[in-house]
Amino acid sequence: MQKPKLDVLYSAATLQQRLEALGQQITEDYQQAGIEEICVLCVLKGSFLFTADLIRHIGIPLRCEFIGLSSYGNAQVSSGNVVVTQAIQNSLEGQDVLVVEDIIDSGLSMHFLLQHLQEKKTRSIKICTLLLKPDHLKIKLPIDYTGFEIANHFVVGYGLDFKGLYRNLPYVGVMRGEH
Ligand code: PRP
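The sections below set out a description of the structure shown in this document.

About the cut-offs
- Residues numbered from 1 in each chain as written.
- Predicted model: local features only at pLDDT ≥ 70, side-chain atom pairs only at ≥ 80, totals over all residues.
- Heavy atoms only, no water.
- Near = heavy atom within 4 Å.
- Polar contact = N/O pair within 3.5 Å; in protein donor to acceptor, adjacent residues only side chain to side chain.
- Areas by Shrake-Rupley, 256 points an atom, 1.4 Å probe, with all protein chains shown as cover.
- Helix = DSSP H or I, 4+ residues; strand = E, 2+ residues; numbered from the N terminus.
- Nonpolar A, V, L, I, M, F, W, Y, C, P; charged D, E, K, R; others polar.
- Buried < 20%, exposed > 50% of the residue type's maximum accessible area, 1.4 Å probe, protein only.
- Contact = heavy atoms within 4.5 Å.
- Disulfide = S-S within 2.5 Å.
- Core = buried A, V, L, I, M, F, W, Y, C linked by side-chain atoms within 4.5 Å.
- Phe/Tyr/Trp six-rings, centres within 6.5 Å; stacked < 30°, edge-to-face > 60°.

## Topic: the site of the ligand
Right, so step 1: In the region of the ligand, 19 residues are neighbours, and Glu101, Asp102, Ser106, Gly107 and Ser109 sit closest.
Right, so step 2: Serine 71 has a polar backbone atom sitting 2.8 Å from an oxygen atom of the ligand.
Right, so step 3: Aspartate 161 places a polar side-chain atom, nitrogen or oxygen, 3.2 Å from an oxygen atom of the ligand.
Right, so step 4: Burial of the ligand by the surrounding chains reaches 92%, relative to a free accessible area of 490 Å².
Right, so step 5: Elements represented by at least two residues in the shell around the ligand include exactly strand S3 (62-70), strand S5 (96-104) and helix H3 (108-118).
Right, so step 6: The leading source of residues in the shell around the ligand is S5, at 4 residues.
Right, so step 7: The class makeup of the residues in the shell around the ligand is 6 nonpolar, 7 polar and 6 charged.

Put into structure tokens, the structure is as follows:
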């Protein structure tokens, strides 16, 4: 594949700085609420890097669970047809769940996930997303933590892909022109 034109939107250093602040805020909020242990739900595939780095800045005991969701396939616009590609392995009953996403764009994936979680009998659910496209949201969502609000760019890197590639970039980049 031809190398895409990428502009750095958030460098590795900028990302880590923001994650540190997010982790501190999350820790303080749960501590203030008297919650001593949480379950971090990593939404695959996109959020595996974000989750791995974020949890190192969270200072309360936590478990990790994983769910696979897919809505885009190889397209750049969400189909709205969200499917579970990998089920959550363990029970979430009675747990304080922090959902960690790489990006909320149309919001349809998160809306689907919240509905999916309804039957899991969790004690609480909070949402943390690294990136949010506020102008693209098609549905209102209770988002608790946002790393960065971005304009309508097509972003890749740091977990985010284009046709399965670029997830390993240490920064978030904007794809320019034809791709
Ligand atoms: C991406 C991302 C979110 C979703 C956000 O996942 O990880 O889950 O899209 O878009 P939305 O708000 O418009 O629904 P994708 O379906 O591309 O799967 P991936 O995480 O495996 O790359």
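On we go.
## Here we look at the side chain of lysine 133
Right, so step 1: Structurally, lysine 133 is set in the loop between strand S6 (124-132) and strand S7 (145-149).
Right, so step 2: Assessed through its relative accessible area of 5%, lysine 133 is described here as buried.
Right, so step 3: Apart from residues no more than four positions distant in its own chain, lysine 133 is found in contact with Ile103, Ile104, Asp105, Ile150, Ala151, Asn152 and His153.

## Looking at the state of the cysteines
Right, so step 1: Tallying each qualifying case throughout the model produces 0 disulfides.
Right, so step 2: This cysteine, cysteine 42, is not joined by any disulfide, and cysteine 64 carries the nearest cysteine sulfur, 7.5 Å off.
Right, so step 3: Cysteine 42 supplies the cysteine sulfur nearest to cysteine 128, a cysteine that is in no disulfide, at a spacing of 11 Å.
Right, so step 4: On the accessibility criterion, cysteine 128 (0% relative accessible area) is buried.

## Considering the nonpolar core
Right, so step 1: The biggest cluster of nonpolar side chains holds 27 residues, and the ones touching the most others in it are Phe50, Leu54, Leu98 and Leu131.
Right, so step 2: Of all the secondary structure elements, the ones that give two or more residues to this core are helix H1 (12-32), strand S2 (38-44), helix H2 (48-54), S5, S6, S7 and strand S9 (172-176).
Right, so step 3: At 5 residues, the largest contribution of residues to this core is made by H1.
Right, so step 4: Discounting chain neighbours no more than four positions away, the residues touching phenylalanine 50 are Leu19, Leu22, Val100, Glu101, Cys128, Thr129, Leu130 and Tyr158.
Right, so step 5: Cys39, Leu92, Val99 and Leu113 belong to the second largest nonpolar core, which has 18 residues in total.

## What about the packing of aromatic side chains?
Right, so step 1: According to the stated counting rule, one finds 2 aromatic pairs in the structure shown.
Right, so step 2: A ring pair is formed by tyrosine 10 and phenylalanine 148, whose centres lie 3.8 Å apart and whose planes are at 20°; its orientation type is stacked. One end of the pair, tyrosine 10, is in strand S1 (residues 5-10); the other, phenylalanine 148, is in strand S7, with 138 residues separating them in the sequence.
Right, so step 3: Overall, tyrosine 10 belongs to the buried group, its relative accessible area being 13%.
Right, so step 4: Note on phenylalanine 148: relative accessible area 12%, which makes it buried.

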